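# Chains, contacts and geometry: an overview
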Amino acid sequence: MTDLERHAYDVVVIGAGGAGLRAAIEAHEQGARTAVVCKSLLGKAHTVMAEGGIAAAMGNVYPEDGWKVHFRDTMRGGKMLNHWRMAQLHAQEAPDRVRELEDWGALFDRTPAGLISQRDFGGHRYARLAHVGDRTGLELIRTLQQRTVALGIDVYMECTVTKVIKQQDGSIQGAFGYRRENGRFVLWQAPSVVLATGGIGKSYKVTSNSWEYTGDGHSLALQAGATLVNMEFVQFHPTGMVWPPSVRGILVTESVRGDGGILKNSNGSRFMFDYIPDYFRKETAETEEEADRWYTDKKNNRRPPELLPRDEVARAINSEVKAGRGSPHGGVFLDIASRHDADYIRKRLPSMYHQFKELAEVDITKEPMEVGPTCHYVMGGVEVDPETAAAKVPGLFAAGEVAGGMHGSNRLGGNSLSDLLVFGRRAGLAAAERARATTVPNVADAVLKEAAGEALAPFERDGGENPYTLHAELQTAMNDLVGIIRVAGEMTEALERIEALKVRAKALTVEGQRPYNPGWHLALDLPHMLRVSECIAKAALEREESRGGHTRDDFPGPREEWGALNVICSADGEDVALTRQPLPVMPPDLAEIFEES
Amino acid sequence: MAYEASLRVWRGDDEGGGLEDFLVEVNEGEVVLDIIHRLQATQAPDLAVRWNCKAGKCGSCSAEINGRPRLMCLTRMGTFDEEEVITITPLRAFPVIRDLVTDVWFNYEKAQSIPPFTPRERDEDGNHRMQQVDVERSQEFRKCIECFLCQDTCHVVRDHEENKPSFAGPRFLMRIAELDMHPLDTLDRRRAAQDDFGLGMCNITKCCTEVCPEGIKITDNALIPMKERVVDRKYVPKTWLGRTIGRRKD
Ligand code: SF4
Ligand code: SF4
Ligand code: FES
């Protein structure tokens, strides 16, 4: 094929967020010829939006913290649906992954003893999040970016992968895509491909996610023959901005609550006390006095209910608004102004101060913020082997948000950045190892021609719809029908709408030329968004219980039989097929940890 | 509430282009990037623009609005009169790719040419120890979102392509200062700052500081102190002799 750039590598990493860069660094250090392919410029990945910190039981603030406590918190936060081995590896390895960031230039906030400081966050028993003010994600990305550049790893910026290429025997042969700048096609041939593409938020209308979060990694994996686990679990972060409308969904960090911020309804009442579930009652304060004492004396008081896991808080806010006790713009109030002086707030939460000032003209040192739930994170993702991050397709790996299992039915804040580092490194290691023992033949011209033809199809058609219209309809359907509270009838309707959109997407047309054409880019992203939306809606309809990030109005509360089951999605032609699969069983020595508490 | 705004947007590519007029609906609380997105969705589906976070955190959506380098996602429509014509053009200091998207490779090249962070050994227990006051100076510079607005505005390169090879621009001179002030870094970066990255070409006009959306005091806190350290090195022979790679700096 002419009009094609060909490259050969040992390891190709798709995505340049925390997981992708960490995977690339590891693969490179293992001696693999490594490339990173990313849709944006280097350093712009969605990881920069992470504010709170990196959860790691380093014990710098509370020496009694350790991996077992972190493991326990993670499993309980995920309502025991996590893959136990992932949660274990994560808790054990996170401290080392944080320490090595300092060798690469990261500058975390310090304790008085000069160690990395750690902050409190929802669902974590001890102050455990390594952080830099409220811009930890930026620090993580910049550190990994600078390390990647220092090592001389090849980075293909502003390139989109449209297809994972496989050999006759079903193993990985490379990735195919285009350069956004000029629309030309590129082949990265490699025996190992690491997916580190992030999440799916762009299928929802109200989301904290950037345009890159189209679920393309999930979708590419499905098409390549891999499986997805537990796609019904989508995290709605309890505190997104609600006003003005154009910023609806943008994240308000949980650190606001970790640092003393409280939630109030329109009656001025601290409503979270009315929503403490039995499961967490033992460790949650019963009175405002006890909750307030906790900030200064954590040993003798229990945690404020504002710091319950995210799913609990998001549902509570949803109920308050529905009951007519919301704020003027349909959220609730998050108040830190009455709790701390202005200097403290500006020092601890500089980005939030800036964000509200610039985007909403609200001074958070004087007034409360208005907040409400926003689609934030997908717990479900590619089913992987915990040790190697390998998907079911030989040569395909997945790490970070695109991988599933680690967080069970609900992710704790701070566990995402640590997940990226722990499993990014493991994926890079295993990908390099596989590449050492594998060579791949050249990709046949016919295969490339087919991939190119598929990508150019929207230009060939006339008179179809505009991709922006279809995208907006999908976002509305998912937001309204497969959102935070779900019922069978609505999800069935969502699936009907998705089916209709699938047909219409096949006929859409794009205007203009191939160089930097966002209409074309969206046209190619849409099938991915439709495929993951179908996975989410089907899996959510299948799971007849409420657990973590999945709440069914028609099946309230968790059910024991579902507590031992994963829902697995696989591709069935153009559709999605479901199977139920037993959850991996935790060994007795780990199970004991839960009996003690 | 809603009104139609007059927008003039530069459209074209590396071969040329010009301003095009549009009328676009504006609602309460919207920012320029919202209006550009509406323009894409309704009138110009192939209008090229970069963005990611829409919250002033990623530094992707840089452009010039009425001639001023700004982030489109942090520029509220409410700051303009409803009758005002708003002109949006790509960053002038970088070559255009298409419409509002420019080729910012210059910045990545400069980043790559800076000698990497070179830390001292960890303490025996495997930790690094640093005091909060000592990390804060460099932390300020690490707030940088790499929007390159300062690079775009600095007169040393804005209309002087010929200076680009010898001048790293405020963002990367600040990066050198950041490493220089980093408590763990062991390299002496003063000679390189002056000779390889053009610190001497900066005449502290502070235009970079004025456009920085993160409010970083680039000139006062990074460039001027770095200049002072360079002068120290030049005129104090002892420091000059003591400059060895791997040695703790003063
Ligand atoms: S202070 Fe220096 S770097 Fe900043 S704009 Fe002026 S000359 Fe350029
Ligand atoms: S220093 Fe400020 S203006 Fe310059 S790139 Fe960084 S954030 Fe942008
Ligand atoms: S879109 Fe990220 S800074 Fe504007």
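Just so it is clear, the structure is predicted and the values come from calculations on it, not from any experiment.

Okay, the site of ligand 2 next. In the neighbourhood of ligand 2, the contacting residues comprise Cys-144, Ile-145, Glu-146, Cys-147, Phe-148, Cys-150, Arg-171, Met-174, Cys-212, Pro-213 and Ile-218 of chain B. The residue makeup of the shell around ligand 2, split by class, is nine nonpolar, no polar and two charged.

This part covers the domain arrangement of chain A. Size of an interface, as often reported, equals the accessible area lost when the parts are brought together. Residue and element names in this part refer to chain A. Entries for chain A in the domain assignment read domain 1 (11-235 + 376-436), domain 2 (238-372) and domain 3 (454-582). Using only C-alpha atoms to locate each centre, domain 1 and domain 3 end up separated by 23 Å. Taken together, the contact between domain 1 and domain 3 spans 39 residues of the former and 43 residues of the latter. Counting the surface domain 1 buries against domain 3, the share from its top three residues, Ser-203, Tyr-204 and Glu-232, is 18%.

Let us look at empty space enclosed by the protein. Residue and element names in this part refer to chain A. For the structure on display, the rule yields seven cavities of 30 Å³ or more. The volume enclosed by the largest cavity comes to roughly 650 Å³. The wall of the largest cavity is formed by 49 residues, among which His-46, Thr-47, Tyr-213, Glu-401 and Leu-420 lie closest to the centre. Taken together, the elements giving at least two residues each to the lining of the largest cavity come down to helix H1 (18-29), strand S8 (159-166), helix H5 (216-224), strand S16 (369-378) and helix H12 (415-436). Residue composition of the lining of the largest cavity, by class: 21 nonpolar, 20 polar and eight charged.

Quick look at the interface of chain B and chain A now. Taken together, the 60 residues of chain B in the interface contact 63 residues of chain A. Summed over both partners, the interface of chain B with chain A comes to about 5,100 Å²; 52% of that surface belongs to carbon and sulfur atoms. Run the count over chain B and chain A and you get seven salt bridges. Between Arg-76 of chain B and Glu-361 of chain A there is a salt bridge, with its nearest N and O atoms 3.4 Å apart. Mapped onto the side of chain B that touches chain A, the elements with two or more residues apiece are helix H1 (32-42), strand S6 (96-98), helix H2 (105-113), helix H3 (132-141) and helix H6 (170-181) of chain B. Looking at which element gives the most residues to the side of chain B that touches chain A, the answer is H3 of chain B, with five residues.

Definitions and cut-offs
- Residues numbered from 1 in each chain as written.
- Chains lettered and ligands numbered in written order.
- Predicted model: local features only at pLDDT ≥ 70, side-chain atom pairs only at ≥ 80, totals over all residues.
- Heavy atoms only, no water.
- Near = heavy atom within 4 Å.
- Nonpolar A, V, L, I, M, F, W, Y, C, P; charged D, E, K, R; others polar.
- Domains from an automatic or database assignment.
- Contact = heavy atoms within 4.5 Å.
- Buried area = accessible area lost by both parts, 1.4 Å probe.
- 1 Å grid on protein atoms, 1.4 Å probe; cavity = no way out; pocket = protein on both sides within 12 Å on 5 of 7 lines; lining within 4 Å.
- Points joined across faces, edges and corners; volume = space filled by probe spheres on them.
- Helix = DSSP H or I, 4+ residues; strand = E, 2+ residues; numbered from the N terminus.
- Salt bridge = Lys/Arg side-chain N within 4 Å of Asp/Glu carboxyl O.

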